[in-house]
Amino acid sequence: MGVYIVRRALWMLFVLFVISVMTFLLMRLVPGGPFNTERGIPEAVKANLIARYNLDASLPEQYVDYMAGLVVPRFTDATYKRSLIEDYAINISLPILGEGVALRWMNFGPSLTNRSQSVTSMITDKLPVSIQLGAAALLVGVIIGVPLGIVSALNQNKFWDYFSMSIAVTGVSVPSIISGPLLQYIFGVRLGLLPVAGWGELNHLILPAFALGFIESALVARLTRASLLQVLGEDYIRTARAKGLSERVVIGFHALRNSLIPVITILGPLAAALLTGTFVVETIFGIPGLGRSFVNSIGNRDYTLIMGTVLLYALFLVIANLLVDITYALLDPRIRYT
Amino acid sequence: MIKHVRKFTLLVMVSLLLVMSVVSAQDKKIIVTAQEMGPDDVPTLDPAIASDVPSVQITVLIFPEIGRFNEVTAELESGIGTWTYNDEQTVFTITLADLAWVKYNAETDAVEQVLDAEGNPRMVTASDVAYSYSRVGPDYLGVYQAFVSDVTVLDDKTLEITAVNPGLTFLNVLGMWFSAATPQFLIEEVGDTWIEPENIATYGPFAVKNWTHGESITLINNPFFAGANAIPAAKVDEVLFRFLDEETQTAAFEAGELDASEVAGSQYERITADPTLSAQLTEGLGTCTYYYGFNVRKAPFDDPRAVLAFSQAIDRELLTEEVTGRGEIPAGFFTLPTLQAAPQQADYPEYAVLTDLEGAKALWEEYLADTGKTNADFALTILHNNSTLHANIAQAIQQMWKDTLGVEVAIATQDFGTYLDQRKDADIFRAAWCKDYSDTNNFLFDVFHSSVNTDSGFSNAEYDALVAQAATLSDNVERAALYAEAERLLVRDAATIAPIYYYTAQSLTSDRIERTHSVIGREYYEKWDVKSN
């Protein structure tokens, strides 16, 4: 298992490297640039901006400079002053080595279009928000989805099956761009129970978590149902029943545990999708998450922000997939990694 | 699982209780969304970098300008400074009001004066203003070309500014947001993070209390600002600006979460039909002109008759009623009618471009006959940036040109970055211009004078002479006459654009607020108040 994880980790690094090169090249191939505006700016100012952000260097140089800033840790002395250009995500102060000395790591660089925040501070500010929202939505998805799937499977082709599945289909079919404003209208405007938009208090989380989680719950429910139905037909279930185990133990312990493997499989990509795919919900509910920055960075040609967010999400995806693979081994004793 | 469900139910119930307890009256604190602030963030609080409506909105509240445009008449009044000028109208002498640098202290929850090394309060000096000008222009990152050629500090309160172009239109520069003081002592100490709430020092009616990037910014009353000329001290204690999508703003307003908000286009009809909401709605002319640019470098638009024919063939009334539907005003000139020295369509009916389907058809046929071309010789494309509104307008205009002129025009949609890049190569492109300051100079000189590279390729010596001359005059009637001639060239005789409509601006305001409505494009929240019951 240990060897397997190390090998996977090395592959992950390689994948991230490829993604970084591809992203860097692709974004520079797209027409337009970060300093184009409807007004147009004087050439002298544009030249200043290009020089300030190192965009006049050759592409390989720019790539190496950017990646070096991000990947290579640096020791700084007391003269270091945090600025938009030099802002590190990880700062460990090391007074043992001298006054003001610190080890700093991960400088995502300045945002080319937002002139008040570095990419590092955008990420450190907004990522926790996205994680909270994503986790809450995933929780809603699982809490609603798994029971729906179980009820449905245990009542195959009966009323409760059709009932649960029609809820699931509704969930899949109604995108958050519809359900979001609907929830706002019902619970915010009409009933006045929950805030329409905003962030910072627990009650701000509820509506967006449902708007996002409802869709996920539908996927989870359908998958749980299909998988549970398959497992219920297996020999070992018959054996468990033959042993005289109560139905509750048979379903809850033997069947459910095995039927969750496919569900776990999609939770990885689902978790990543929840972190990345929250643009609409963030917009509707006024949530300062990373999804908006991610999507907008592309339209704005904010090269550093594109790189920062893409790499971050790529990292999430590969880690989520690794975790899913490890979880398999825990759920199914037959799966062994060497 | 059941345990989880129980926990979750509990969570929901607790949060419901929280919401109910939070709802209480907050006096003298107002929560608003501001024009174009949208769901993202205010890009900067640095007046030397600001070039967008939201940034300018906030900076004028914390770093007010030397001159202040009146929110009703759009006339320039004295802001933090008063001025005199020499006979040649080249050198302007500014005298500053008494203003203190202040900073919000989160620990004491109060606005405090900034002290210098000796412990004396730091006052705003003439060199703080001179420093701002040194940060504008090509030497600095700011995106504004320098209007100022030289600045001399005479004493603590007085400075002399030499204008690049002589004339009283220079006074408009004093009313622009970058004609403010910026704290040199602070910027030199902390660098470009000086605008963060924990660092920033300001002097206007408001100070910065909090800035949650991407969510909100809170301004707090500055008790050390006693008012300066036309800028009064703030009446409210706090203004909280929220960054919300237009659609969400309307819902949040209806739920009582906002004291003032913008109006989403899709909600406009419903709001005007609703008796409660329509009473809270105010409408006025916006700050932008929507237009189509025609590439005059190549056929057919190298001939002004072709541009004029295409322009006259756009049924502006139909478009604003059926397609845009927010009470937009059909435009015959490029210049917004509310600007200083703006030529009015009613005064110069022959100069404006008006919808004239028959005339358009005749003109286009004349052009085809003269050049020996047919409609099939042209493969023209309208370029617009990705948006439902722009797409709808382009499709409507495409149909109008087909019906009236018989020309088939294609439509190309690009994302904003690509669109800007491709504009200069497009046959026809959609565009809008929004004012920076309330003078016609900002439309006719700043956009189409040949010293500016226009994407349509327009360059006309006669036009240049007209707008340059108008910039040096002080009589607005005389100026308007010159600008009318310039407009005639721009939209008719040497046509390069088809002005389509003037934007309108709508806002909703709750009944508890007493406010001013600005035609400037930014609100002066120091004049807003909460009604006493």
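These figures come from a predicted structure and were not determined experimentally.

Procedures and definitions
Residues numbered from 1 in each chain as written. Chains lettered and ligands numbered in written order. Predicted model: local features only at pLDDT ≥ 70, side-chain atom pairs only at ≥ 80, totals over all residues. Helix = DSSP H or I, 4+ residues; strand = E, 2+ residues; numbered from the N terminus. Rg over C-alpha atoms; globule rule 2.2 N^0.38 Å. Buried ≥ 20, exposed ≤ 12 C-beta atoms within 10 Å, placed from the backbone. Contact = placed C-beta atoms within 7 Å. Nonpolar A, V, L, I, M, F, W, Y, C, P; charged D, E, K, R; others polar. Domains from an automatic or database assignment. Axes fitted to C-alpha atoms, helices over the stretch in contact; angles between N-to-C directions. Parallel < 35°, antiparallel > 145°, perpendicular 65-115°, else oblique. Left-handed = near helix turned anticlockwise from the far one by under 90°. Pairing = 2+ DSSP bridges. pLDDT = per-residue confidence, 0-100.

A look at the overall build of chain B
Moving on, step 1. Counting secondary structure elements, chain B contains 16 helices and 21 strands.
Moving on, step 2. The C-alpha radius of gyration of chain B comes to 26 Å, within 12% of the 24 Å expected for a compact globule of 533 residues.
Moving on, step 3. Expressed as a percentage of its 533 residues, the buried residues of chain B come to 49%.
Moving on, step 4. In chain B, of all internal contacts separated by at least 6 residues, the share reaching a separation of at least 24 is 69%.

Regarding the overall build of chain A
Moving on, step 1. If you tally the helices and strands in chain A, you get twelve helices and three strands.
Moving on, step 2. With the principal axes as the frame, chain A shows a C-alpha extent of 80 × 55 × 40 Å.
Moving on, step 3. Within chain A, the proportion of its 338 residues that are buried is 39%.
Moving on, step 4. Here the contacts in chain A between residues at least 6 apart in sequence split such that 70% fall between residues at least 24 apart.

Focus: the interface of chain A and chain B
Moving on, step 1. Between chain A and chain B, the contact holds 49 residues from the first and 47 residues from the second.
Moving on, step 2. Secondary-structure elements contributing two or more residues to the side of chain A that touches chain B are helix 2 (43–52), helix 4 (119–154), helix 6 (176–190), helix 7 (203–232), helix 10 (279–285) and helix 11 (290–300) of chain A.
Moving on, step 3. Partitioning the side of chain A that touches chain B into residue classes produces 22 nonpolar, 17 polar and ten charged.

As for the domain arrangement of chain B
All names here are of chain B.
Moving on, step 1. We note that the domain assignment places domain 1 (30–259 + 510–530) and domain 2 (285–505) within chain B.
Moving on, step 2. Averaged C-alpha coordinates put domain 1 and domain 2 at centres separated by 34 Å.
Moving on, step 3. Of the residues belonging to the side of domain 1 that touches domain 2, the class tally is seven nonpolar, seven polar and no charged.

Quick word on unusual backbone geometry
Moving on, step 1. Omega for the peptide link from B:Ala299 to B:Pro300 comes to 0°, which places this bond in the cis form.
Moving on, step 2. Here B:Pro300 is to be found in the loop between strand 14 (281–294) and helix 9 (304–312).
Moving on, step 3. Positive phi, close to 65°, is recorded for A:Asn54, a residue that is not glycine.
Moving on, step 4. On the secondary structure map, A:Asn54 appears in the loop between helix 2 and helix 3 (59–71).

Overview of the packing of helix 1 (residues 2–29) of chain A against helix 12 (residues 303–331) of chain A
All names here are of chain A.
Moving on, step 1. Running from amino to carboxyl end, helix 1 crosses helix 12 at an angle of 155°, the nearest separation of the two axes being 10 Å. It follows that helix 1 is roughly antiparallel to helix 12 by the angle criterion. Relative to helix 12, the crossing made by helix 1 is right-handed. Residues Arg8, Met12, Val15, Leu16, Ile19, Ser20, Thr23, Phe24 and Met27 of helix 1 touch helix 12, and the partners they reach there are Tyr303, Ile306, Met307, Val310, Leu311, Ala314, Leu315, Val318 and Leu322.
Moving on, step 2. Of the residues belonging to the contact of helix 1 with helix 12, the class tally is 15 nonpolar, two polar and one charged.

Points about the pairing of strand 6 (residues 102–105) of chain B
It is a general feature of regular strands that their side chains alternate between the two faces of the sheet.
All names here are of chain B.
Moving on, step 1. Relative to strand 7 (residues 110–113), strand 6 runs antiparallel, the two being bridged by four bridges. Opposite Val102, over in strand 7, you have Gln113 as the bridge partner.
Moving on, step 2. Counting the residues in the hairpin turn of strand 6 and strand 7 gives four residues, including Asp109, whose phi is positive at 55°.

Some points on the pairing of strand 14 of chain B
Residue and element names in this part refer to chain B.
Moving on, step 1. Alignment of strand 14 against strand 19 (residues 497–509), held across ten bridges, turns out to be antiparallel. Directly across from Tyr291, in strand 19, lies its bridge partner Pro499.
Moving on, step 2. Pairing of strand 14 with strand 18 (residues 428–434) involves seven bridges; the strand directions are antiparallel. The partner of Tyr292 across the bridge, within strand 18, is Arg430.

Focus: the sheet that holds strand 1 (residues 74–76) of chain A
Residues and elements named next belong to chain A.
Moving on, step 1. Strand order in this open sheet of three strands is 1-3-2, and the pairing throughout is antiparallel. The sheet is open, and its two edges are formed by strand 1 and strand 2 (88–93), each paired on a single side. Neighbour to neighbour, the strand axes of the sheet diverge by 30° on average, direction disregarded.
Moving on, step 2. Two strands pair when backbone bridges link them, and strand 1 and strand 3 (residues 102–107) are joined in this way by three bridges, in the antiparallel orientation. Note on strand 3: the bridge partner recorded for Thr76 is Ala102.
Moving on, step 3. Across the sheet, helix 4 touches strand 2 and strand 3, and the angle it forms with strand 2 is around 90°.

Some thoughts on helix 8 (residues 235–242) of chain A
Moving on, step 1. Little of helix 8 of chain A is tucked away: zero of the eight residues are buried.
Moving on, step 2. A:Gly244 sits one or two positions beyond helix 8 of chain A and adopts a positive phi of about 90°.

Topic: the sheet that holds strand 9 (residues 158–163) of chain B
All names here are of chain B.
Moving on, step 1. Pairing in this open sheet of four strands is antiparallel, and the strands run 4-5-9-8 from one edge to the other. Each of the sheet's edge strands pairs with one partner strand only, and the pair in question is strand 4 (81–85) and strand 8 (148–155). Across this sheet, the average inter-strand angle for adjacent strands is 25°, counted without regard to direction.
Moving on, step 2. Contacts between helix 3 (residues 126–135) and the sheet are confined to strand 5 (91–96), strand 8 and strand 9, with strand 8 contributing the most and set at about 165° to the helix.

Considering helix 14 (residues 441–448) of chain B
All names here are of chain B.
Moving on, step 1. Most of helix 14 sits out of view: seven of its eight residues are buried.
Moving on, step 2. Within the span of helix 14, buried status applies to Asn441, Asn442, Phe443, Leu444, Phe445, Val447 and Phe448.
Moving on, step 3. Considering only its buried residues, helix 14 is in contact with helix 4 (171–174), strand 18, helix 15 (461–472) and helix 16 (476–493).

A closer look at the environment of B:Asp41
Moving on, step 1. Tracing the chain through its elements places B:Asp41 in the loop between strand 1 (29–32) and helix 2 (53–62).
Moving on, step 2. With 25 C-beta atoms counted inside 10 Å, the residue B:Asp41 sits in the buried group.
Moving on, step 3. Taking the C-alpha atoms as reference points, B:Asp41 and B:Glu215, separated by 174 residues in sequence, lie 7.0 Å from one another.
Moving on, step 4. With near-sequence residues (within four places) excluded, B:Asp41 lies in contact with A:Asn114, B:His213, B:Gly214 and B:Phe243.

A word on the environment of B:Val409
Residue and element names in this part refer to chain B.
Moving on, step 1. Along the polypeptide, Val409 turns up in strand 17 (residues 409–414).
Moving on, step 2. Among the residues examined, Val409 registers 20 C-beta atoms within 10 Å and is labelled buried.
Moving on, step 3. Between the C-alpha atoms of Val409 and Leu389, which are 20 residues apart in sequence, the distance is 18 Å.
Moving on, step 4. Discounting chain neighbours no more than four positions away, the residues touching Val409 are Leu380, Thr381, Ile382, Gln398 and Trp401.

A closer look at the confidence of the model for chain B
Residues and elements named next belong to chain B.
Moving on, step 1. Summing up the model confidence of chain B, the mean pLDDT is 89 and the portion of residues at 70 or higher is 93%.
Moving on, step 2. Considering only residues more than four positions removed or in separate chains, one finds that residues 17–26, a stretch of pLDDT under 50, has seven contacts.
Moving on, step 3. Here the prediction assigns the complex a pTM of 0.86, and the interface score ipTM is 0.87.

Describing the environment of B:Ile94
Residue and element names in this part refer to chain B.
Moving on, step 1. Position of Ile94 among the secondary structure elements: in strand 5.
Moving on, step 2. Linking Ile94 and Asp347, residues 253 residues apart in sequence, is a C-alpha distance of 37 Å.
Moving on, step 3. In this view, Ile94 contacts Ile66, Gly81, Trp83, Thr158, Leu159 and Ile161; residues no more than four positions away in its chain are not counted.

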